[in-house]
Amino acid sequence: MVRSSCSLKMIVPQLAAVLILGYGCIYLYCSSDSSDSQSTLQSGVREYPSIPRPTSGDDKQTEITKEEEQYIRDKPAIEKTIKARMKRVVEVCKRLNYPTFNEYNTYNMAGHKVTWCPVFKASSSTWRDFFIDTLYASRANYAGNHYHLGVLGDKVLTKKKQSSSRRGQSQRRTFSSEPEANLRFTVVRHPFSRIISHQRKVMNYPKQIYAQRGLWVEDAVLDGRTNSSWDLKLTQKYKDEYTSYVLELKYPEPFHQPFSKENPYLNPPYPTVPELVDFIMKHRDKDDNGQNGHWRPTLEWCDICQNELDIIIQLEEEPMELFYLLKHTGLWEHRQSSSKSTTLVATSQPEGRR
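Residues numbered from 1 in each chain as written. Predicted model: local features only at pLDDT ≥ 70, side-chain atom pairs only at ≥ 80, totals over all residues. Heavy atoms only, no water.

## Some points on the pattern of salt bridges
Turning to step 1, where the next piece is worked out: One pass over the structure, following the stated rule, counts eight salt bridges.
Turning to step 2, where the next piece is worked out: A salt bridge links lysine 83 to glutamate 79, with the shortest nitrogen-to-oxygen separation between them at 3.5 Å. Of this pair, lysine 83 and glutamate 79 both sit in helix 3 (residues 66–96), separated by four residues, roughly a single helical turn.
Turning to step 3, where the next piece is worked out: A residue is classified by how much of its surface remains accessible, and lysine 83, at 52% relative accessible area, is exposed.
Turning to step 4, where the next piece is worked out: Its relative accessible area of 24% is what places glutamate 79 among the partly exposed residues.
Turning to step 5, where the next piece is worked out: Between glutamate 321 and arginine 85 there is a salt bridge, with its nearest N and O atoms 2.9 Å apart. Within this pair, whereas glutamate 321 is found in helix 12 (residues 320–329), its partner arginine 85 is found in helix 3, the two being separated by 236 residues in sequence.
Turning to step 6, where the next piece is worked out: What makes glutamate 321 buried here is its relative accessible area of 3%.
Turning to step 7, where the next piece is worked out: A residue is classified by how much of its surface remains accessible, and arginine 85, at 3% relative accessible area, is buried. (Salt bridge = Lys/Arg side-chain N within 4 Å of Asp/Glu carboxyl O. Helix = DSSP H or I, 4+ residues; strand = E, 2+ residues; numbered from the N terminus. Buried < 20%, exposed > 50% of the residue type's maximum accessible area, 1.4 Å probe, protein only.)

Next up, the structure:
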């Protein structure tokens with residue numbers, strides 16, 4: 001029997017295991033008590049929820065919005081929260097003596113005087129699109145794609161130089177190609193919301209089943225539903241039907257060949273939340289030799305303890321914390337506001353409610 005829905009009680013042990021493995025450790029270390037924000041990023045060029053977006057001329061925002069008024073009013077408290085978070089990150093890194101992961105995964109956006117580490121499913125697509133639009137414009141292309149992280153490949157910091165005390169007594173990793181004035185930042189998000197965001201993307205957009213097939217969709221479905229009691233012929237039949245179904249999704253108007261109604265791989269054709277969690281636990285250290293940023297903990301992916309970021313904001317606390325970041329990065333003119341929280345939208349989906 002295929003699980004088309006689940007209760008949170010069913011997946012609490014699995015999620016707890018993911019957290020223990022460190023999937024969301026940096027989020028937990030950075031978490032704050034503030035929960036007032038109900039807003040987040042507005043979509044940029046595409047549908048990804050975000051605020052940063054290039055504006056010019058008449059497009060520039062002149063009136064102060066309610067969110068901006070709130071930010072001005074709450075700025076001292078917001079600044080206090082972020083400073084306390086950054087202090088806690090340093091304390092935790094020292095106390096737990098985290099190893100160096102030698103993961104750079106940081107991008108030198110010298111044109112904006114910032115260094116950015118993208119955390120998947122935490123507005124990374126919107127920041128990517130923003131940097132592509134403002135730094136490359138129509139020249140952007142990677143394997144035929146305009147919006148692709150590969151476009152920013154020449155911005156990746158890969159060659160480090162010996163660490164030195166750049167700021168105070170800090171011994172953070174430095175890079176020969178990174179301007180010293182750059183401000184380092186990232187955006188983090190609750191690990192459960194990141195999982196839900198992955199799952200609802202393929203649930204709501206069938207073509208994403210095809211697009212994400214090789215990354216996790218197919219393995220998660222097959223691993224979660226293959227029954228050891230099936231004979232080889234039946235198993236292969238179900239797999240062939242599933243493969244045909246997924247490949248047909250790449251066409252604008254897919255016409256699906258007949259398949260067995262009882263085929264568990266197609267009911268539904270995307271992974272459920274428990275199946276996705278199981279996949280992450282099995283593949284986190286194996287997928288791309290542990291280099292797949294979709295599942296890597298932010299602590300490792302951005303090598304937080306060695307790279308020592310200047311600002312870490314939480315997606316759940318936008319737009320207030322985002323406004324703080326934009327003010328400190330000189331990107332304030334690129335703001336827009338939204339009345340919906342990405343996290344609230346994600347966890348409101350059926351799989352998240354049940």
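## Section: helix 12
Turning to step 1, where the next piece is worked out: With eight of ten residues buried, helix 12 is to be regarded as a mostly interior element.
Turning to step 2, where the next piece is worked out: On its buried face, helix 12 sits against helix 3, strand 2 (114–116), helix 4 (124–135), strand 5 (183–188) and strand 6 (311–314).
Turning to step 3, where the next piece is worked out: Looking one or two residues past helix 12, glycine 330 carries a phi angle of roughly 75°, positive in sign. (Contact = heavy atoms within 4.5 Å.)

## Considerations on the nonpolar core
Turning to step 1, where the next piece is worked out: Formed by 45 residues in total, the largest nonpolar core has its most connected members in Trp116, Trp127, Phe131, Leu152, Phe185, Ile311 and Leu325.
Turning to step 2, where the next piece is worked out: Setting aside chain neighbours within four positions, we find isoleucine 311 in contact with Ile82, Met86, Leu183, Arg184, Phe185, Thr186, Tyr324, Leu325 and His328.
Turning to step 3, where the next piece is worked out: In terms of nonpolar packing, the next biggest core, distinct from the first, is built from 26 residues, Val202, Met203, Val217 and Val277 among them. (Core = buried A, V, L, I, M, F, W, Y, C linked by side-chain atoms within 4.5 Å.)

## A word on the side chain of serine 260
Turning to step 1, where the next piece is worked out: For serine 260, the position within the fold is in the loop between helix 8 (232–248) and helix 9 (273–283).
Turning to step 2, where the next piece is worked out: Here the side chain of serine 260 touches glutamate 241 through a polar contact of 2.9 Å, side chain to side chain. (Polar contact = N/O pair within 3.5 Å; in protein donor to acceptor, adjacent residues only side chain to side chain.)

## Observations regarding the state of the cysteines
Turning to step 1, where the next piece is worked out: Evaluated as defined, the whole model comprises two disulfides.
Turning to step 2, where the next piece is worked out: Shown here is the disulfide that connects cysteine 93 with cysteine 305, its sulfur atoms set 2.0 Å apart. The S-S bond linking cysteine 93 to cysteine 305 shows a torsion near -85°; that makes this disulfide left-handed. Placement of the pair is cysteine 93 in helix 3 and cysteine 305 in helix 11 (residues 304–307), with a sequence separation of 212 residues. You'll find cysteine 93 and cysteine 305 in the same group, each marked buried.
Turning to step 3, where the next piece is worked out: Here cysteine 117 pairs with cysteine 302 through a disulfide, and the sulfurs are 2.0 Å apart. One quick way to see it: the torsion about the S-S bond of cysteine 117 and cysteine 302 is about -90°, and its sign makes the bridge left-handed. Within this pair, whereas cysteine 117 is found in the loop between strand 2 and helix 4, its partner cysteine 302 is found in the loop between helix 10 (298–301) and helix 11, the two being separated by 185 residues in sequence. Each member of the pair cysteine 117 and cysteine 302 is classed as buried.
Turning to step 4, where the next piece is worked out: By sequence-ordered numbering of the bonded cysteines, the protein chain has its disulfides arranged as 1-4, 2-3. (Disulfide = S-S within 2.5 Å.)

Shape is all these values report; function is a separate question.
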